[in-house]
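Structure assessment
Spelled out from the first residue to the last, the chains are:
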Amino acid sequence: MSAAVTASAATGTDGLTSLPVRRPPVRAPRWWRDAVGAVTWLTMLVVVALWISGGGIQAMGTPAGALTSLGRLTGLVAADLLLVQVLLMARIPVVERVYGQDDLARRHRLVGFASFHLMLAHLVLVVIGYALTFRTDVFGEFWGLVVDAPGMLLALAGTLLLVMVVVLSVRAARRRLRYESWHLLHLYAYLGVGLAIPHQLWTGQDFLADPIATVYWWTLWAAAAGCLLVFRVGLPVYRSLVHDLRVSAVVHESPDVVSVWMQGRRLDRLPVAAGQFLTWRFLSGPGWTRGHPYSLSAAPTGDTLRITVKDLGDGSRALAAVKPGTRVLVEGPYGRLTAGVRTRRKVTLMAAGIGISPLRALLEDLAQAPGDVTLLYRARSTADLVLRHELDALAQRTGARVFYLVGPRLPGRPTWLPASAAGLSEVDGLRRLVPDIADHDVYLCGADAWMEAARRAVAAAGVPTAHIHQERFAW
Ligand SMILES: Cc1cc2nc3c(=O)[nH]c(=O)nc-3n(C[C@H](O)[C@H](O)[C@H](O)COP(=O)(O)OP(=O)(O)OC[C@H]3O[C@@H](n4cnc5c(N)ncnc54)[C@H](O)[C@@H]3O)c2cc1C
């Protein structure tokens, strides 16, 4: 892949070509993102075209006709967005690589709420439209539709499930639920979508009158279901069987942080890069069905993977007791916090707490000359500086600059700096450590509030958004 490096030089990444190449970073060409975006919009254009060719505009001659027709349109677009929703979370590698987890989770939320509101509009507009057309009362019309129209009872059940999922995804509600309970209930969204589809084909005017539309719609949904089966079930099962990962050692890095080393077969064939995460299931007893995402905390080798995990609850705590030989099932790799998104010679890695994990792997993996890479590692106390000895050794070997920013938080100020830097502004603190920060690619990982403060400082110091890369540890 040195060609890739040469290629990237062509796109203006200053000074990267002269560096020693470790492993060719995996890059997602820019046009992939445009293509995925274009396909998404295209599916929406198609459903609007279906509505127009199905007489959607002509039907708007009367108030009743207009309401019913707009009800059909909102229903079509809502269903199309539900489809996009399923594809966004189907872990399709090209989509994963283009957007990365944080952006995908953000789009998933956006598309989810948009499709939900359109679905409610669809329901209300169609019922009122029909009630006006048949001069009946709205509730009678609604009930009549539910019990008489084909597939409507299923659609109602599907709608109620989607209402439950959306209500529980509102942040205030979600905070009250254990992550596992929330995640399990969230999976009912698939059942909700599945129950809502049949009425579209059995009563949907846009499909009944047009076999091409019906074939198009079934094909889209079959493709979505296929992607789910292949990328969320097939591929993880295949990789878990082929690589046969087993725990080889558990190392206590600090009282509440452990590193888990794993060995497996042909890991050189696993398309994983430093900085990425996988979802892990340790077959070590009850709770093994619950997968947890952990980032690699060392650059992957041909036979070893390592994660470093802080005890934040029952799943992460249980890792301290995992025995060597324990089998491990994996989903992934996922995430874009890799050398592949780097386009500049200079790099700053900013980590807080256990967020050091993927950045320690990147520090090892990034192609660099002395002074090209700077690590800023924020922790409450020196005891919380996990993997410090490795970071120092890596700095020794690569010539990277490492700064440990230790101390309590500054009360009342959203900041990435320790209290000892109270006299400095967010940007001055940054420039003091990395004077040419504006010319760097910046990688961020840590708790949400800290990462937000760091991101604001980095942007204010002149780093363009395209050169700021981050991974959130909570979705
Ligand atoms: C992309 C990514 C990479 C991560 N990498 C690391 C790492 O390298 N080292 C590390 O110590 N931690 C990492 N985490 C955080 C880690 O996944 C959670 O701390 C862990 O799952 C907590 O589970 P628990 O059962 O111990 O605690 P719980 O009490 O069940 O959860 C504590 C919090 O962790 C989050 N969480 C729990 N389960 C999941 C899940 N399956 N998916 C997403 N979030 C969850 C929830 O926000 C929850 O509020 C990462 C998280 C993400 C999203």
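Residues numbered from 1 in each chain as written. Predicted model: local features only at pLDDT ≥ 70, side-chain atom pairs only at ≥ 80, totals over all residues. Heavy atoms only, no water.

This part covers the site of the ligand. Inspection of the region around the ligand gives 22 residues, with His292, Pro293, Lys310, Asp314 and Ser316 positioned closest. A distance of 3.2 Å is found between an oxygen atom of the ligand and a backbone nitrogen or oxygen belonging to glycine 313. Taken by itself the ligand offers 850 Å² of open surface, and the protein chains cover 87% of this. Looking at the shell around the ligand, the elements that each hand over two or more residues are helix H8 (179-186), strand S4 (292-295), strand S5 (304-310) and helix H12 (314-318). Its residues assigned to classes, the shell around the ligand shows ten nonpolar, eight polar and four charged. There are two domains that each give the shell around the ligand at least three residues, and those are domain 1 (5-19 + 338-472) and domain 3 (242-334). (Near = heavy atom within 4 Å. Polar contact = N/O pair within 3.5 Å; in protein donor to acceptor, adjacent residues only side chain to side chain. Areas by Shrake-Rupley, 256 points an atom, 1.4 Å probe, with all protein chains shown as cover. Helix = DSSP H or I, 4+ residues; strand = E, 2+ residues; numbered from the N terminus. Nonpolar A, V, L, I, M, F, W, Y, C, P; charged D, E, K, R; others polar. Domains from an automatic or database assignment.)

What follows is about unusual backbone geometry. Cis geometry marks the peptide bond from glycine 332 to proline 333; its omega dihedral reads 5 degrees. Along the chain, proline 333 turns up in strand S6 (residues 327-334). Not every positive phi belongs to a glycine, and arginine 135 is a case in point at roughly 50 degrees. Note that arginine 135 resides in the loop between helix H4 (93-133) and helix H5 (138-148). You will see that arginine 266, though not glycine, has its phi angle at about 45 degrees, which is positive. The topology assignment puts arginine 266 in the loop between strand S2 (257-263) and strand S3 (277-282).

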